[in-house]
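Each chain, letter by letter, is given below.
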Amino acid sequence: MESVIIQSLKKGELTMEEFNVISDIFSQAITGELIGMSNFASLAETIDDPHEKMEAVEHANSERMHAEGFLAYARKKNLKINVNMNGEYWGNVRKQFLKYAHNRDFTACLIIQEVMLESFAISMYNDVGHALGGEAGDLFISIGNEEKEHLEHSSDLLCAELKKDPAAFESKFEEIHFNCMSILAEFSATTDLRGHCGVCNGDCMKGSLHHVGLDIVTLRGNAMAIYEEALDNIGISGEKSIIWMARLPA
Amino acid sequence: MDGTTPSIDFAAIGHQDSWQNISAFVNSIRNTGQGKLSCEKIKDIFGFISPKEIFRIKARSKTGTEINGVYIETFIDPDKLHSQFVRANINKVLAAASRAKRLGSKMVTLGGFTSIVLEGELESLSTRETKFTTGNTLTAAFIVKGIEKAAERLGISLHQSDILIIGATGDIGMACANYMKSRANKLLLCARNYQRLEKMAGQLVKEKIKIDFSVRLEDLLPQAKIIIAVASSMDIKLNHCNKNVLICDAGYPKNLENNIIYKKDVHLFHGGMGQVSGGYDFSPDYSRSIYHYEAPHLVHGCILEAMVLAFEKRFESFSSSKGNITTDKMEEIYRLSMKHGIGLAPLYNSKGLW
């Protein structure tokens, strides 16, 4: 039986360019969720407190469910999915996370996974959801809303951490910002600053996003705005965050 | 705010009017090894940034009093100051206002374009703890005092001069008209909205003030010996000015010099500016990248109004809704500013001091 996508292509409802870019968008989302799942699983191994350990596993499961949701839709529509957790950007983000997880630095892990990665997920899922519309759009928006809850929850925890020792907390956050956000900034720049991501099927999808009503400048700008909002909510001052943002690669 | 953080006496909400300034600022805070970001790269992200505090200010009165302030940047895109972006710009200004309140600012002033986009909505922003002002009263005072000073220097008699006000129906334009109506030979009023202009003109005629008014600048320019430009438009073209005309450029951005054809016979200064004799410091100190004036410690009148009120511990909405600036209020805030060593800025333009 022909896939819905092939049928859509034949009917002229979906062009080949649209099919390719939608496939790449789903590939990125699935890879990102699997990175999140693996991060939480790694984090669970480092935690002694049984309740916190269970919470980390629960989070890992939540990310797994998101990946399952995207995969199910991709299978149904016969999208061309490429998952690669060891590519230039996703792989390096994962390495950064593992570095802190091995040091049992729960706060750092929370910052990477729940603030940095979730900020990008929330924003981009929202933008993609509205651009795609229909069943695919609803899927992105509902998963984005769940990710939003993760970010809000972790912001409260990190805000409490900041109050304990503001100088030490800001210093740690700054280090993680430049270690991890720099990778995401390079990944989301108008041109891949470190080469191909290893996830997109062909050339970088950024140049093709206009086929589905998106553009990388807006996607990146909105994602950075959500991240900045998170910094504000945690209690990082504007004087600090503007310097952090200005020093990111672009 | 913890016990070691100084309380914030005033906050200045502002925006940038050129990519050149933004680029200089952004690249000044990047690490030297990173290389400079191109203006195009900065444009890609600037407008997405939410309003936030950029630096702290400590200002000193000549009475010895010190006040603490903060500058909050709205991150309004300088290419989007037009009316079609008004909703987005209002949201940015409201977010900046919330930020000022959250920081515990007692007094907040809306600099430049930020008060224009919120016109009429300012009073609702004030709370018991935080008062908002447009800063327009002191700005207007510095404009008219600047005109008086420049006219005296050039040997121009105000009483014998026809004074053209471009942007006459705006808050500052009306204040300048009220001040000048008893001092000039004739007022020439120009604004985009004919109905507002006609209403204002009607009121002045009742007061037996000599006036002419038009929405077309070229109708009034040949008569004008003195021009006060307070409009926020970027499209003002001063073709056919009188010889030796005196111009106060007090609009946003201050770019009239680019729009004058015969520059030789024109005496133009940037108006609405004051100078803090006691000085002020920024922390972090970005003055090398953001301060471009020829003389030290110059500040826009709108920001100075909040500083003066903070020095006086008069945390109130001194300038709030449009059309309420009286000559008495202009004299009052000007007198208070002088008390704290905040005087009229020396006359200058883009080429330097007069």
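Fair warning: this is a prediction, and the values are worked out from it, not measured in the lab. (Residues numbered from 1 in each chain as written. Chains lettered and ligands numbered in written order. Predicted model: local features only at pLDDT ≥ 70, side-chain atom pairs only at ≥ 80, totals over all residues. Heavy atoms only, no water.)

### Points about the sheet that holds strand β1 (residues 10-14) of chain B
Residues and elements named next belong to chain B.
And then number 1: Taken together, six strands build an open sheet; the order of strands is β5-β4-β1-β3-β2-β13 and the sheet is mixed. In the strand order of this sheet, the two ends are held by β5 (131-133) and β13 (280-283), each with one partner. Between one strand axis and the next, the sheet turns through 25° on average, direction left out of account.
And then number 2: Pairing of strand β2 (residues 52-60) with strand β3 (residues 66-73) involves eight bridges; the strand directions are antiparallel. Within β3, the residue paired with A59 across the bridge is I67.
And then number 3: Sheet strands in contact with helix α10 (residues 301-311) are β1, β2, β3, β4 (107-110) and β5, and its direction is about 165° off that of β4. (Pairing = 2+ DSSP bridges. Helix = DSSP H or I, 4+ residues; strand = E, 2+ residues; numbered from the N terminus. Axes fitted to C-alpha atoms, helices over the stretch in contact; angles between N-to-C directions. Contact = heavy atoms within 4.5 Å.)

### A short note on the packing of helix α6 (residues 171-180) of chain B against helix α11 (residues 327-339) of chain B
All names here are of chain B.
And then number 1: Across the interface, α6 lies against α11 with an axial gap of 9 Å and an inter-helix angle of 95°. Classified by the angle between their axes, α6 and α11 sit roughly perpendicular to one another. Note on element contacts: α11 touches α6 through T327, M330 and E331, opposite A175, N178 and Y179.
And then number 2: A breakdown of the residues in the contact of α6 with α11 according to their chemical character gives three nonpolar, two polar and one charged. (Parallel < 35°, antiparallel > 145°, perpendicular 65-115°, else oblique. Nonpolar A, V, L, I, M, F, W, Y, C, P; charged D, E, K, R; others polar.)

### Side note on the interface of chain A and chain B
And then number 1: Taken together, the contact pairs 22 residues of chain A with 23 residues of chain B.
And then number 2: Of the roughly 1,900 Å² buried where chain A meets chain B, counting both sides, 52% is carbon and sulfur surface.
And then number 3: The largest contributions to the chain A side of the interface with chain B come from A:E239, A:I242 and A:R247, which together make up 32% of the buried area.
And then number 4: At the junction of chain A with chain B, the criterion picks out four salt bridges.
And then number 5: At the level of elements, α8 (216-234) and α9 (238-246) of chain A are the ones that each hand at least two residues to the side of chain A that touches chain B.
And then number 6: Of the residues in the side of chain A that touches chain B, the class split is nine nonpolar, eight polar and five charged. (Buried area = accessible area lost by both parts, 1.4 Å probe. Salt bridge = Lys/Arg side-chain N within 4 Å of Asp/Glu carboxyl O.)

### Notes on the domain arrangement of chain B
Residue and element names in this part refer to chain B.
And then number 1: Annotation of chain B at the domain level lists domain 1 (10-137 + 274-346) and domain 2 (142-273 + 349-353).
And then number 2: On a C-alpha basis, the centroid separation for the pair domain 1 and domain 2 is 25 Å.
And then number 3: In this complex, domain 1 contributes 33 residues to the contact, which on the side of domain 2 involves 24 residues.
And then number 4: Summed over both partners, the interface of domain 1 with domain 2 buries about 2,300 Å², with 68% contributed by carbon and sulfur atoms.
And then number 5: For the domain 1 face of the interface with domain 2, the top three residues by lost area are K322, M330 and L344, together amounting to 23%.
And then number 6: Taken together, the connections running from domain 1 to domain 2 amount to one salt bridge.
And then number 7: The closest approach of N and O atoms between K145 and E331, which form a salt bridge, is 3.1 Å.
And then number 8: For the pair domain 1 and domain 2, the number of links is six residue pairs in polar contact (both at pLDDT 80 or more).
And then number 9: For the side of domain 1 that touches domain 2, the secondary structure elements donating two or more residues are α4 (113-117), β14 (298-300), α10, α11 and β15 (342-344).
And then number 10: Top element by residues in the side of domain 1 that touches domain 2 is α11. It accounts for five residues. (Domains from an automatic or database assignment. Polar contact = N/O pair within 3.5 Å; in protein donor to acceptor, adjacent residues only side chain to side chain.)

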